[in-house]
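Take a look at the letters that make up each chain.
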Amino acid sequence: MKVENLARLHEEKGDVIIEGKTKIVYELPKHPGKCLIKSKDSITAYNGEMKNTLEGKAEMSTATTFSMFAILEDAGIKTSLIQKVDKSSVLAHRCHMIPIEWVTRRVATGSFLRRNEGVEEGTRFYPPKLEIFYKDDANDDPQWSREMLEAKKMVCGGLLISPDEIDKMEKMTVAIFEIIEKCWQTKNVSLVDMKIEFGVCDATKEIILADVIDNDSWRIWPSGDKRLMMDKQVFRNLRGSQITASHMENLKKNFKWVAETAGEIADDVNSGVSKGRVVVLMGSASDKAHCEKIKNSCTKFGIQCILRVTSAHKGTGETMKILAKIEGEAVHIPTVIVAVAGRSNGLGPVSAGNSCIPVINCPPMSSQWATSDVWSSLRLPSGLGCSTILDPEMAGLAASQILAQHDVLIWCRLRVQLYLNWLKLKVADAELREAQDVVA
Ligand SMILES: Nc1ncnc2c1ncn2[C@@H]1O[C@H](COP(=O)(O)OP(=O)(O)OP(=O)(O)O)[C@@H](O)[C@H]1O
Ligand SMILES: [Mg+2]
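To start, this report covers the structure provided alongside it. (Residues numbered from 1 in each chain as written. Chains lettered and ligands numbered in written order. Predicted model: local features only at pLDDT ≥ 70, side-chain atom pairs only at ≥ 80, totals over all residues. Heavy atoms only, no water.)

1. Notes on the overall build of the chain
Alright, step 1. Within the chain one finds 14 helices and 21 strands.
Alright, step 2. Dimensions of the chain, computed from the C-alpha atoms along their principal axes, are close to 80 × 60 × 55 Å.
Alright, step 3. Relative to its 440 residues, the chain shows a buried fraction of 50%.
Alright, step 4. Sequence separation of at least 24 residues holds for 64% of the intrachain contacts in the chain that already meet a minimum separation of 6.
Alright, step 5. Total accessible area on the chain stands at roughly 21,500 Å², and carbon and sulfur atoms take up 52% of it.
Alright, step 6. Each charge sign in the chain was given a centre, from 57 positive and 57 negative side chains, and these centres are 3 Å apart. (Helix = DSSP H or I, 4+ residues; strand = E, 2+ residues; numbered from the N terminus. Buried < 20%, exposed > 50% of the residue type's maximum accessible area, 1.4 Å probe, protein only. Contact = heavy atoms within 4.5 Å. Areas by Shrake-Rupley, 256 points an atom, 1.4 Å probe, with all protein chains shown as cover. Lys, Arg positive; Asp, Glu negative; His and termini not counted. Charge placed at Lys NZ, Arg CZ, Asp CG, Glu CD.)

2. Digging into the site of ligand 1
Alright, step 1. Lys21, Thr22, Lys23, His93 and Lys135 are the nearest of the 15 residues found near ligand 1.
Alright, step 2. Contact between ligand 1 and Lys21: an oxygen atom at 2.4 Å from a main-chain N or O atom of the residue.
Alright, step 3. Contacts to ligand 1 include His93, whose backbone N or O atom sits 3.0 Å from a nitrogen atom.
Alright, step 4. In isolation ligand 1 exposes 600 Å². Once the protein is present, 88% of that is buried.
Alright, step 5. Mapped by element, the contributors of at least two residues to the shell around ligand 1 are β2 (23-27), β3 (34-39) and β8 (95-97).
Alright, step 6. Of the residues contributing to the shell around ligand 1, the split by class is six nonpolar, three polar and six charged. (Near = heavy atom within 4 Å. Polar contact = N/O pair within 3.5 Å; in protein donor to acceptor, adjacent residues only side chain to side chain. Nonpolar A, V, L, I, M, F, W, Y, C, P; charged D, E, K, R; others polar.)

3. A short note on the sheet that holds strand β7 (residues 89-93)
Alright, step 1. If you walk across this open sheet you meet the five strands as β1-β2-β3-β7-β6, and the pairing is antiparallel. The open sheet terminates on both sides in strands that have one partner only, identified here as β1 (16-19) and β6 (81-86). Recorded for the sheet is a direction-independent mean angle of 25 degrees between the axes of neighbouring strands.
Alright, step 2. This element, helix α2 (residues 57-75), spans β3, β6 and β7 of the sheet and lies at about 150 degrees to β6. (Pairing = 2+ DSSP bridges. Axes fitted to C-alpha atoms, helices over the stretch in contact; angles between N-to-C directions.)

Right, here's the structure in full:
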């Protein structure tokens, strides 16, 4: 998918597909389905009413978008970004842009307060509030209801923007917001609101996240304090005043901090190595195939998973030694134990009774004895807090959810998994509806 000789892309670029206030999109005739997006040093607000040059903005915006899209791609969200070409240009999938701004808000502020009289600034939305704005500069990007968007029956790149496609974009928008929110929170920065755009990918005809997520796209408040805002709102707030060099210098400092911090977050999240690990203790090597399923489930979320063989009944001393080592290492590495023991499960309860590490029993069930054997995992002495999950894939998932509480990489992947679970059902239902000619 990636292009080898990036330096040549600028020479190879064809016609301008579209030039906006902050970017120019070029055709790449030698790379069908792809385009070159070059950012500009311009900062605009109120539909171009305010317009200034912010030196270095193209680079800072490109860096911020690159970091955010890389995080989302890593988590499993499809985006238009393919590669960074240089500091201010990217290679992207050419899209037929859907002319809608999808705005998600965690905190009420700005235009929301003007449009929703009586709502106090700072009111929090659970789940995040979703709003739709039609991209129409001439009419100041009017707000649309979901019903209006359905009624327009837009067609983009040959794809009808049907209620099903709107559902997908709504779900994706909230997932994307929550992922970016979680990422900024690792730096104690609150994501207040954010706008994104989708496009229909020219090559696949799929709806993907496109355009940018940069410092113009959101409100971010360090420590949740509005006075510390670092985003483009600082520029908007200068409306009506004489903009000085010192204003621009301050803005540049903010944008630079945002680009650098976004880079740090992306490096951290995209290191590919989870901070935690799962240790699967199996009572017998014959349980290995069952344990591999647990491991596969963990690996899917980027979690290191170690398999050990030990029997709490037959090698009690050894089990305690292994447990002591796991507990010692867990001082630095958040750990979950999954105990796999058939017949009588001593391993899980003994591990839970002798350590503070979360323990999940995942006994392999024999067809003959399952209903009797499972009681050794379910009926425990008092004071033991281990849980039991019979399906090995789900045991891995449960361990991942525990570790995700302290690991944003795992959390982001789990969050996308929630969306994909929803999508799978949605697609299956749509196929059946179509086959039966049933309206949703
Ligand atoms: N991958 C892509 N393929 C095709 N067009 C794209 C892609 N990414 C962004 N664009 C479009 O490039 C155009 C230029 O972007 P820019 O953000 O500068 O426009 P703008 O002046 O802000 O106008 P707008 O209000 O439409 O965003 C936008 O219309 C945007 O939707
Ligand atoms: Mg734009």
